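So you can see what is in the structure, the chains are spelled out below.
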2 protein chains.
Amino acid sequence: LRKKKIKPQDLVKQITQGNKTALSRSITLIESQQVKHQESVNAIIEGCLPFANQSLRIGITGVPGVGKSTFIEAFGNYLISLGKKVAVLAVDPSSSVSHGSILGDKTRMEELVKQENAFIRPTPSGDSLGGVAQKTRESIILCEAAGFDTILIETVGVGQSETMVHSMTDFFLLLKLAGAGDELQGIKRGIMEMADAIVINKADGENKKPAEQAKSEFRKALHLYPETESGWKPKVKLASALHQIGIEEIWNMISAYEKATKANDFFQHKRQEQNKFWLLQTINDRLKANFYQQPKIKTELKKQLKAIENNETTPFVAATYLLKIAKDL
Amino acid sequence: LRKKKIKPQDLVKQITQGNKTALSRSITLIESQQVKHQESVNAIIEGCLPFANQSLRIGITGVPGVGKSTFIEAFGNYLISLGKKVAVLAVDPSSSVSHGSILGDKTRMEELVKQENAFIRPTPSGDSLGGVAQKTRESIILCEAAGFDTILIETVGVGQSETMVHSMTDFFLLLKLAGAGDELQGIKRGIMEMADAIVINKADGENKKPAEQAKSEFRKALHLYPETESGWKPKVKLASALHQIGIEEIWNMISAYEKATKANDFFQHKRQEQNKFWLLQTINDRLKANFYQQPKIKTELKKQLKAIENNETTPFVAATYLLKIAKDL
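Caption draft 1: Inspection of the pattern of salt bridges at higher detail. For the structure on display, the rule yields 22 salt bridges over all chains. A salt bridge links Arg-271 of chain B to Asp-170 of chain B; the nearest nitrogen and oxygen atoms lie 2.7 Å apart. Note that Arg-271 of chain B is positioned in helix H12 (residues 266-292) and Asp-170 of chain B in the loop between helix H7 (161-166) and strand S5 (171-177), a separation of 101 residues in sequence. What makes Asp-170 of chain B buried here is its relative accessible area of 2%. Among the salt bridges present, the one from Lys-303 of chain B reaches Glu-300 of chain B, with a minimum N-O distance of 3.3 Å. Of this pair, Lys-303 of chain B and Glu-300 of chain B are both found in helix H13 (residues 295-309), 3 residues apart, which corresponds to roughly one turn of the helix. Because the salt bridges share partners, they merge into one network encompassing Glu-273 and Lys-276 of chain A together with Lys-306 and Glu-309 of chain B.

Caption draft 2: Molecular detail of the interface of chain A and chain B. In this assembly, 54 residues from chain A lie in contact with 54 residues from chain B. With both chains or domains summed, chain A and chain B bury close to 5,300 Å², and 65% of this area falls on carbon and sulfur atoms. Summed over the shared surface of chain A and chain B, the number is 2 salt bridges. With a closest N to O distance of 3.0 Å, Glu-309 of chain A and Lys-276 of chain B form a salt bridge. At the boundary of chain A with chain B, the tally comes to 8 residue pairs in polar contact (both at pLDDT 80 or more). When the residues that make up the side of chain A that touches chain B are grouped by side-chain class, the tally is 27 nonpolar, 13 polar and 14 charged.

Caption draft 3: Geometry of the pairing of strand S1 (residues 56-61) of chain A. Residues and elements named next belong to chain A. In terms of burial, S1 is a largely internal element, 6 of the 6 residues being buried. Of the strand pairs in this sheet, S1 and strand S5 (residues 171-177) are connected by 4 bridges, and their pairing is parallel. Bridge assignment links Gly-59 to a residue of S5, and that residue is Phe-172.

Caption draft 4: View of the side chain of Lys-215 of chain B. Residues and elements named next belong to chain B. Note that Lys-215 resides in helix H10 (residues 208-224). One buried charge, Lys-215, has no salt-bridge partner; the nearest side chain with opposite charge is Glu-212, at 5.3 Å. Residues contacting Lys-215, with those up to four places away along its chain left out, are Ile-200, Val-236 and Leu-238.

Caption draft 5: Local environment of the pairing of strand S7 (residues 235-238) of chain B. Residue and element names in this part refer to chain B. The sheet contact formed by strand S6 (residues 197-201) and S7 spans 4 bridges and is parallel. Bridge pairing in S7 links Ala-197 to Lys-235. In the classification by handedness, the crossover that spans S6, the intervening H10 and the parallel S7 is right-handed.

Caption draft 6: Quick look at the relation of the copies chain A and chain B. Once chain A has been moved 0.0 Å along the axis and rotated by 180°, it coincides with chain B to within an RMSD of 0.1 Å. Both copies are brought into coincidence by an operation consistent with a two-fold rotation axis. Closest to the rotation axis within chain A is the C-alpha of Ala-221 of chain A, separated from it by 2.4 Å. When you check the interface residues of chain A against chain B, 98% turn up at the interface there too, and the contact is symmetric in its surfaces.

Caption draft 7: Quick look at the nonpolar core. Ranked by size, the top nonpolar core spans 108 residues in total, and within it Leu-142, Cys-143, Ile-198 and Ile-200 of chain A together with Leu-142, Cys-143 and Ile-200 of chain B carry the most contacts. If sequence neighbours within four positions are ignored, Ile-200 of chain B has contacts with Lys-176, Leu-177, Ala-178, Ala-211, Ala-214, Lys-215, Phe-218, Val-236, Lys-237, Leu-238 and Ala-239 of chain B.

Caption draft 8: Structural detail: the packing of aromatic side chains. If you walk through the whole model with that rule in mind, you get 18 aromatic pairs over all chains. On the numbers, 5.4 Å between centres and 20° between planes, the contact of Phe-71 of chain A with Phe-75 of chain A is stacked. Of this pair, Phe-71 of chain A and Phe-75 of chain A are both found in helix H4 (residues 68-81), 4 residues apart, which corresponds to roughly one turn of the helix. Note on Phe-71 of chain A: relative accessible area 0%, which makes it buried. With a centroid separation of 6.1 Å and 55° between ring planes, the pair formed by Trp-278 of chain A and Phe-316 of chain B is classed as tilted. Here Trp-278 of chain A is found in helix H12 (residues 266-292), whereas its partner Phe-316 of chain B is found in helix H14 (residues 315-328) on a different chain. Trp-278 of chain A gets classed as buried once you look at its relative accessible area, which sits at 1%.

Caption draft 9: Highlighting helix H3 (residues 35-48) of chain B. Compared with the 20 Å implied by 1.5 Å per residue over 14 residues, the 20 Å span of H3 of chain B between its first and last C-alpha is a close match. Its buried side turned inward, H3 of chain B meets helix H1 (8-16), helix H2 (20-32) and helix H6 (129-145) of chain B.

Caption draft 10: Fine view of unusual backbone geometry. Not every positive phi belongs to a glycine, and Asn-53 of chain A is a case in point at roughly 80°. Along the polypeptide, Asn-53 of chain A turns up in the loop between helix H3 (35-48) and S1.

Caption draft 11: Geometry of the sheet that holds S5 of chain A. Residues and elements named next belong to chain A. Read from one edge of the open sheet, 7 strands run S3-S2-S4-S1-S5-S6-S7, paired in parallel fashion. Edge positions in the sheet fall to strand S3 (118-120) and strand S7 (235-238), since each has one partner strand and no second. Between one strand and the next, the sheet's axes are offset by a mean angle of 20°, whatever the strand orientation. As paired elements, strand S2 (residues 86-91) and S3 share 3 bridges and run parallel to each other. Within S3, the residue paired with Val-88 across the bridge is Ile-120. The sheet contacts of helix H6 (residues 129-145) involve S1, S2, S3 and strand S4 (150-155), and relative to S2 the element is tilted by about 175°.

Caption draft 12: Fine view of the side chain of Glu-258 of chain A. Looking at the secondary structure, you find Glu-258 of chain A in helix H11 (residues 247-263). With residues up to four places along the chain from it excluded, the contact list for Glu-258 of chain A reads Leu-56 and Phe-267 of chain A.

Caption draft 13: Summary view of the sheet that holds S6 of chain B. Residue and element names in this part refer to chain B. The parallel open sheet is built from 7 strands, whose spatial order is S3-S2-S4-S1-S5-S6-S7. Every other strand in the sheet has two partners, leaving strand S3 (118-120) and S7 as the edge strands with one partner each. Going from strand to strand, the sheet's axes swing by 20° on average, the running direction of each strand aside. On the sheet, helix H4 (residues 68-81) packs against strand S1 (56-61), strand S2 (86-91), S3, strand S4 (150-155), S5 and S6 and is oriented at approximately 180° with respect to S4. Contacts from H6 reach S1, S2, S3 and S4, with the element oriented near 175° to S2.

Caption draft 14: Region of interest: the packing of helix H10 (residues 208-224) of chain A against H10 of chain B. Running from N to C, H10 of chain A and H10 of chain B cross one another at 110°; their axes reach a closest spacing of 9 Å. Taken together, the axis directions place H10 of chain A and H10 of chain B in an arrangement best described as roughly perpendicular. Contacts between H10 of chain A and H10 of chain B involve Glu-217, Phe-218, Ala-221 and Leu-224 of chain A from the former and Glu-217, Phe-218, Ala-221 and Leu-224 of chain B from the latter. A breakdown of the residues in the contact of H10 of chain A with H10 of chain B according to their chemical character gives 6 nonpolar, no polar and 2 charged.

Procedures and definitions
Residues numbered from 1 in each chain as written. Chains lettered and ligands numbered in written order. Predicted model: local features only at pLDDT ≥ 70, side-chain atom pairs only at ≥ 80, totals over all residues. Heavy atoms only, no water. Salt bridge = Lys/Arg side-chain N within 4 Å of Asp/Glu carboxyl O. Helix = DSSP H or I, 4+ residues; strand = E, 2+ residues; numbered from the N terminus. Buried < 20%, exposed > 50% of the residue type's maximum accessible area, 1.4 Å probe, protein only. Contact = heavy atoms within 4.5 Å. Buried area = accessible area lost by both parts, 1.4 Å probe. Polar contact = N/O pair within 3.5 Å; in protein donor to acceptor, adjacent residues only side chain to side chain. Nonpolar A, V, L, I, M, F, W, Y, C, P; charged D, E, K, R; others polar. Pairing = 2+ DSSP bridges. Lys, Arg positive; Asp, Glu negative; His and termini not counted. Right-handed = clockwise from strand over helix to strand, strands pointing away. Least-squares fit on C-alpha atoms with pLDDT ≥ 70 in both. Core = buried A, V, L, I, M, F, W, Y, C linked by side-chain atoms within 4.5 Å. Phe/Tyr/Trp six-rings, centres within 6.5 Å; stacked < 30°, edge-to-face > 60°. Expected span 1.5 Å × (residues − 1). Axes fitted to C-alpha atoms, helices over the stretch in contact; angles between N-to-C directions. Parallel < 35°, antiparallel > 145°, perpendicular 65-115°, else oblique.

What follows is the structure, given as structure tokens:
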């Protein structure tokens, strides 16, 4: 039996009534990337837009093993206990190959997944990080229209994805472990400077002392960084997500951030800048795709890269040549 | 009287003989951006390429007031005393408006400018950072062909220019002052993580103690960073360029870097990656310029940005609309 087809305006109505099934189904449409769905998708997003933008969007990153799922389980349940509605999304480019390495295993969030006021969605698949990020951005709008007031977006801190998530969230939280050096943790350079807070997880038992030590070191290191545009001084906190220690303090910190940046207008300013960033980013991605996906360009680019390796040409001569070919096609 | 026109092949010959007048004149052609010179420019670059690539390229960044010119004067003279030939170039986007805020005042390098084995060239003007960077990249090739074995490229650490310079140099050196916080020094976030070395300048007299203190703090901070791809651990050094203290040690450090990265093949690998980066960067810049410079797109982009501010559209819907317009033009 085929699923009954629902009109976009009916889906919008159900979403704004908080219907999670309608929300799920609409996100599936967003993710399908089928041309025949594009019109419906546009209508749904357009219908949801007036109800969106009222949430707090929190990015959470950290390498595999740092305890992201356990943290989100503890943090999400705490937020729900405060009366919040929590949506959990993910951006994981690796899973576009492996089809879901994060948030695929919902059993690690076994309490949260059962909550009426929680909505958990694994990372969409896609053939490019840009495509995955776009789907997630559009899903945020739908979740907000469905009344979810706190959006958690999970990512792994080892590639380009955390930059994408940083560009779609209001607060960016980096989970780390004490003891293990960054080289072991595989964190990419530059991520520390994007973080609004570093949370040292698993700060319990024998780990507590090294965690305190790490906290002090990171504090000193963050102190050396230039001031942020928001005026916010990045914080370092300890947590044990497993034992639900430190969760309330982290929420209080994020609330303080929200209050401060709404008071100095940075919050709204950042969202507008993010939207403009995504407009230009999308255009630039598509301009590049149109160019590099031409078969003739693919062949000639390889040759020019080879010539560069052999010092037979300069990047600028090669670029001019390739652009001329594209123009003549 | 008009200057006599010289054939490109004659300029190439003179450059490879170390003729600084020919070098200067050719760089002027590169910087002219006049279409009628393009053919000559290409011929000169092509002729110089087989003689290029044999130098060490060092990027030097730091905010105004940190003592960049004094440092380059001291460092350059020391290198010349070792028998080296030193070219000093600059990338300063602000000067494309003000026409040369760095390296404009050669009096701050009064010894170096008189040296037979030194070549100093102020930042080229240009209407975009990409354009300025391209001219500097091409000038490097000519300087190398003229026998300059050490290329110093100066920039200010307050914008995008240091990323450009980082992408055209083998070693990247960040000059800082003790005492003054980063917020006072205006250093952009992320630059510290690009540095192969931090040099705390003006470490003399009463400044010596705070400089020692700063050195220890930066060392600890750098220790928290992830390992670099080169395997090199970024160093922190003290210097007083004015009193020529620490200069030899800094050169020994850079030599050690060169030796280590040539031994593990990172040096050559990085240059190839840089060349590929510049090929793609140039293509992408021109694709964007072709799109955004269309008058119709300029008008419509403004409208769409306004609609985004008012939450009337999403970045993706707006992007699709603008790309459709461009296609229909």
